[in-house]
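Chain and residue survey
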Amino acid sequence: MASIYLLFLILILIIPLSLLLLLTLILRPRPVKIPIKGRHVFITGGSSGIGLALAHQAASQGARVSILARNPDKLEEARNSIRLSTGIDVSVFSADVRDYDAVQKAINEAGPIDILICNQGVFIPQELESQDLETVKFMMDVNLMGTFHLIKAALPGMKNRKDRGPGSIALMSSQAGQVGIYGYTAYSASKFGLRGLGEALQQEVISDNIHVSLIFPPDTETPGLAEENKKRPELTSIIAASSGALKADEVAKKALTGIKSGTFIIPCNFEGLMLSLATAGLCPQRSPLMALLEVVAAGVMRVVALFFQWNWYGSIERWTAQRNGKDHHVGGRLAF
Ligand SMILES: NC(=O)C1=CN([C@@H]2O[C@H](COP(=O)(O)OP(=O)(O)OC[C@H]3O[C@@H](n4cnc5c(N)ncnc54)[C@H](OP(=O)(O)O)[C@@H]3O)[C@@H](O)[C@H]2O)C=CC1
Ligand SMILES: CCCCCCCCCCCCCCCC(=O)[C@@H](N)CO
């Protein structure tokens, strides 16, 4: 009898352990550590919110920091606040990421980059039916094309890094870049786009010892979010509240820790971890333990995801019914 238990115990240990061993052997790209002390970290959108928090933390960890944004006054203010709290001077560059020539000029002036953090972003939530195409294009241009501009301009210098140490290109996506959210058609498209860009780019730059990271924050308390909240459709807020809010400092900390360990997908909270497991797809994974978790959780996470959709479509149904109830002219049947 005892030997059956022993056999059972060995089996439940041996199966996951051998899977872990197998994963450890096959995982590519291999694990990497990317130091930031004494290295050049270039952060776009570094004058506000998450980017500013990243600049503070990178500077206090001994990096040489450059920040880029449009508004020179906000850049100057950011430089002063970083000097005040860390005693360190960051370089500031005023440019619009939509202007390739301006981006190239700033990057040439800043000098070769070791860690490029493409964090600039704009978010204007609205149902597509009422959103101007101009606004759609604005989000695609700043969030997605702007990131292409930055990478194109920075890559030649990054490839010739003097210290030949590992470099990093980090892209600021959003949890709305892992799952489509009501009111975010354009924003989600721009943030999903970054994932495709990142997955393909990692294969192209791995031989240059450059490592790609994608960061997926939930709602984060920043000036940008305060602005967004003024015009956010109610359903966008209801659905986005499925994930807890964070402070900019917390997101920046997760992001920097992830970047330094070469993590490809960087979630920022528990819901983010679940989202990353549910959307692991074919993305690279360097951590054997995370890979094991992805394999084991895949089926369960699909069920959890379907429950979330059940809940969200319920909210949409209730909200629409309530609106139609209020509006006596609309007697239309609900499409559920
Ligand atoms: N806050 C949140 O809830 C979340 C944010 N994110 C993402 O995190 C990133 C930062 O967001 P957050 O800190 O909230 O944003 P903020 O609005 O607080 O800051 C945005 C930064 O980007 C700069 N920026 C905007 N447009 C351009 C442009 N065309 N060219 C150059 N710089 C530009 C801004 O400076 P200036 O206006 O002077 O150019 C500012 O420095 C974004 O990519 C956002 O999508 C992801 C998930 C959640
Ligand atoms: C399988 C399990 C799933 C688990 C949880 C799913 C939770 C999804 C919530 C998505 C929230 C999106 C917020 C976007 C914030 C943002 O980017 C804007 N504030 C603009 O900056």
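Only a predicted model underlies this, so the values are computations on that prediction, with no experimental measurement involved.

A count of helices and strands for the chain gives eleven helices and nine strands. In terms of overall size, the chain behaves like a compact globule, its C-alpha atoms giving a radius of gyration of 22 Å where 336 residues would be expected to give roughly 20 Å. Counting only C-alpha atoms, the chain reaches 75 × 65 × 35 Å along its principal axes. The burial tally for the chain puts 47% of its 336 residues in the buried class. Relative to all contacts within the chain whose residues are 6 or more apart in sequence, the contacts with residues 24 or more apart total 74%. Surface exposure of the chain reaches about 17300 Å², of which carbon and sulfur atoms provide 62%. Taking the average place of the 33 positive charges on the side chains of the chain and the average place of its 29 negative ones, the gap between the two points comes to 8 Å.

All right, on to the site of ligand 2 then. Around ligand 2, 23 residues are found, and the nearest of them are Ser 174, Tyr 184, Tyr 187, Asp 219 and Glu 228. Take Ser 174: an N or O atom from its side chain is 2.6 Å from an oxygen atom of ligand 2. Measuring from an oxygen atom of ligand 2, one finds a side-chain N or O atom of Tyr 187 at 2.8 Å. Computed on the free molecule, ligand 2 has an accessible area of 600 Å², of which 96% lies beneath the protein chains in the complex. Every element with two or more residues in the shell around ligand 2 is listed here: α7 (223–229), α10 (270–278) and α11 (288–326). The element best represented in the shell around ligand 2 is α11, accounting for five residues.

Residue alternation in strand β4 (residues 115–118) divides its side chains into two sets, Ile 115 and Ile 117 and Leu 116 and Cys 118, and both sets are buried. Inspection of the sheet shows strand β1 (residues 40–44) paired to β4 by three bridges, in the parallel sense. Residue pairing across strands places Phe 42 opposite Leu 116, the latter belonging to β4. Inspection of the sheet shows β4 paired to strand β5 (residues 167–172) by four bridges, in the parallel sense. From the neighbouring strand, Ile 115 faces β5, where its bridge partner is Ser 168. Remark: the β4/helix α5 (residues 133–159)/β5 crossover connection has right-handed handedness.

The next subject is the UniProt feature "transmembrane region" (unreviewed entry) in the chain. Taking the numbering used here, the UniProt-annotated feature "transmembrane region" (unreviewed entry) corresponds to residues 6–27. When the span residues 6–27 is considered, its composition is 95% helix and 0% strand, and the gap between its end C-alpha atoms is 31 Å.

What sets the pattern is the α-helix's 3.6 residues per turn: residues three or four places apart point alike. A rise of 1.5 Å per residue sets the reference length of helix α6 (residues 185–205), with its 21 residues, at 30 Å; its end C-alpha atoms lie 30 Å apart and thus fit the reference within 8%. Residues of α6 that are buried sit in contact with α5, β5, β6 (210–216) and β9 (265–267).

Here we come to the sheet that holds strand β3 (residues 91–94). In a beta sheet, neighbouring strands pair by backbone hydrogen bonds and run either parallel or antiparallel. One open sheet holds the seven strands; their spatial order is β3-β2-β1-β4-β5-β6-β9, and the pairing between them is parallel. Either end of the sheet is taken by a strand with one partner, and the two such strands are β3 and β9. The sheet shows a mean angle of 20 degrees between the axes of neighbouring strands, taken without regard to direction. Bridge analysis of β5 against β6 gives six bridges, and the strand direction is parallel. Following the sheet pairing, Met 172 is matched in β6 by Ile 215. Packing of α5 onto the sheet brings it into contact with β1, β4, β5 and β6, and relative to β4 it is tilted by some 180 degrees.

When cut into domains, the chain gives domain 1 (28–279) and domain 2 (292–325). For domain 1 and domain 2, the distance between their C-alpha centres works out to 28 Å. Each side of the interface is counted separately: domain 1 has eleven residues, and domain 2 has ten residues. For the pair domain 1 and domain 2, the summed buried surface comes to about 1100 Å²; carbon and sulfur atoms form 83% of the total. Here domain 1 and domain 2 share zero salt bridges between them. For the pair domain 1 and domain 2, the interface holds two residue pairs in polar contact (both at pLDDT 80 or more). Broken down by element, the side of domain 1 that touches domain 2 gets its largest block of residues, four residues, from helix α8 (residues 234–240). Class assignment for the residues of the side of domain 1 that touches domain 2 results in nine nonpolar, one polar and one charged.

Procedures and definitions
- Residues numbered from 1 in each chain as written.
- Chains lettered and ligands numbered in written order.
- Predicted model: local features only at pLDDT ≥ 70, side-chain atom pairs only at ≥ 80, totals over all residues.
- Heavy atoms only, no water.
- Helix = DSSP H or I, 4+ residues; strand = E, 2+ residues; numbered from the N terminus.
- Rg over C-alpha atoms; globule rule 2.2 N^0.38 Å.
- Buried < 20%, exposed > 50% of the residue type's maximum accessible area, 1.4 Å probe, protein only.
- Contact = heavy atoms within 4.5 Å.
- Areas by Shrake-Rupley, 256 points an atom, 1.4 Å probe, with all protein chains shown as cover.
- Lys, Arg positive; Asp, Glu negative; His and termini not counted.
- Charge placed at Lys NZ, Arg CZ, Asp CG, Glu CD.
- Near = heavy atom within 4 Å.
- Polar contact = N/O pair within 3.5 Å; in protein donor to acceptor, adjacent residues only side chain to side chain.
- Pairing = 2+ DSSP bridges.
- Right-handed = clockwise from strand over helix to strand, strands pointing away.
- UniProt positions renumbered as here; feature names shortened; annotations may be inferred.
- Expected span 1.5 Å × (residues − 1).
- Axes fitted to C-alpha atoms, helices over the stretch in contact; angles between N-to-C directions.
- Domains from an automatic or database assignment.
- Buried area = accessible area lost by both parts, 1.4 Å probe.
- Salt bridge = Lys/Arg side-chain N within 4 Å of Asp/Glu carboxyl O.
- Nonpolar A, V, L, I, M, F, W, Y, C, P; charged D, E, K, R; others polar.

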